[in-house]
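Descriptive structure summary
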Amino acid sequence: MENSDLESVAQEVFAALADPSRRAILAALAARGPATATDLAARLPITRQAIAKHLTLLGEAGLVIAEPGERRRVRYRLDSGPMKVAQQFLGVLARDWDGPLAALRDRLG
């Protein structure tokens, strides 16, 4: 994956993670596994309508996958792929910063 692709995916992940409600939804899915918006609304202090909107944004970022269930209920599960891409992007940034930061430390030290 090219650096610009990494950056694009990472940008979507970081935007999705910027909201505390979306982080809470992801944490709930990580702790208890796949759930419906109704299940999540019962566990979190967020309305079902707000959860549905957040799940849409999380889906667009690729962090959750909607799976059809019984009686037209949709269950959402985590997808760690985009998070791994964001980690890769951060790793590239860290490597790019290591040299200049070490040079600055040496110069100041």
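Procedures and definitions
- Sequence order as written defines residue numbering, which begins from 1 separately in each chain.
- This being a predicted model, a pLDDT of at least 70 is required before a residue's local features are given, and a value of 80 or more before pairs of side-chain atoms are given or counted; all residues contribute to the totals for chains, interfaces and linings.
- Working from all heavy atoms in the structure, the side-chain values ignore hydrogens and water.
- Two strands qualify as a pair provided that DSSP identifies no fewer than 2 bridges between them.
- In this description a helix means any DSSP run of H or I spanning at least four residues, a strand means any run of E spanning at least two, and both kinds are numbered starting from the N terminus.
- We call a set of buried residues a nonpolar core when its members are Ala, Val, Leu, Ile, Met, Phe, Trp, Tyr or Cys and they connect through side-chain atoms within 4.5 Å of each other.
- The cut-offs for exposure are 20% and 50% of the maximum accessible area for each residue type, with area from a 1.4 Å probe on protein chains only; residues under the lower value are buried, those over the upper are exposed, and the others partly exposed.
- Residue contacts are defined here by distance: any two heavy atoms, one from each residue, within 4.5 Å place the two residues in contact.
- Each axis is a line fitted through C-alpha atoms, taken for helices only over the stretch in contact, and angles between the N-to-C directions span 0 to 180 degrees.
- Any angle that falls under 35 degrees is termed roughly parallel, while one over 145 is termed roughly antiparallel, one within 65 to 115 roughly perpendicular, and all others oblique.
- Each residue gets one of three labels, nonpolar for Ala, Val, Leu, Ile, Met, Phe, Trp, Tyr, Cys and Pro, charged for Asp, Glu, Lys and Arg, and polar for the others, Gly among them.

**Quick look at the pairing of strand β1 (residues 64–68)**
Here β1 runs beside strand β2 (residues 74–78); their pairing, made up of five bridges, is antiparallel. By the bridge assignment, Ala66 is partnered in β2 with Tyr76. In textbook terms, the turn of a hairpin is the stretch between consecutive antiparallel strands, and for β1 and β2 this stretch comprises five residues, one of which, Arg71, has a positive phi near 50°.

**Overview of the environment of Ala52**
On the secondary structure map, Ala52 appears in helix α4 (residues 48–60). Along the backbone, Ala52 and Arg23 are 29 residues apart, and their C-alpha atoms lie at a distance of 14 Å.

**What about the nonpolar core?**
As a rule of thumb, soluble globular proteins bury nonpolar side chains together. Core analysis: the largest hydrophobic core is formed by 24 residues, its most contacted members being Ile25, Leu40, Ile51, Leu55 and Leu58. In this structure, Leu58 is in contact with Ala16, Arg22, Ile25, Leu26, Leu63 and Val64, ignoring residues within four places of it in sequence.

**Points about the packing of helix α2 (residues 20–32) against α4**
Each packed pair of helices is defined by two parameters, the angle between the axes and the distance between the axes. The N-to-C vectors of α2 and α4 enclose an angle of 80°; their axes lie 10 Å apart at closest approach. In terms of orientation, α2 lies roughly perpendicular with respect to α4. Contacts from Ser21, Arg22, Ile25 and Leu26 of α2 reach α4 at Ile51, His54, Leu55, Leu57 and Leu58. Residue composition of the contact of α2 with α4, by class: six nonpolar, two polar and one charged.

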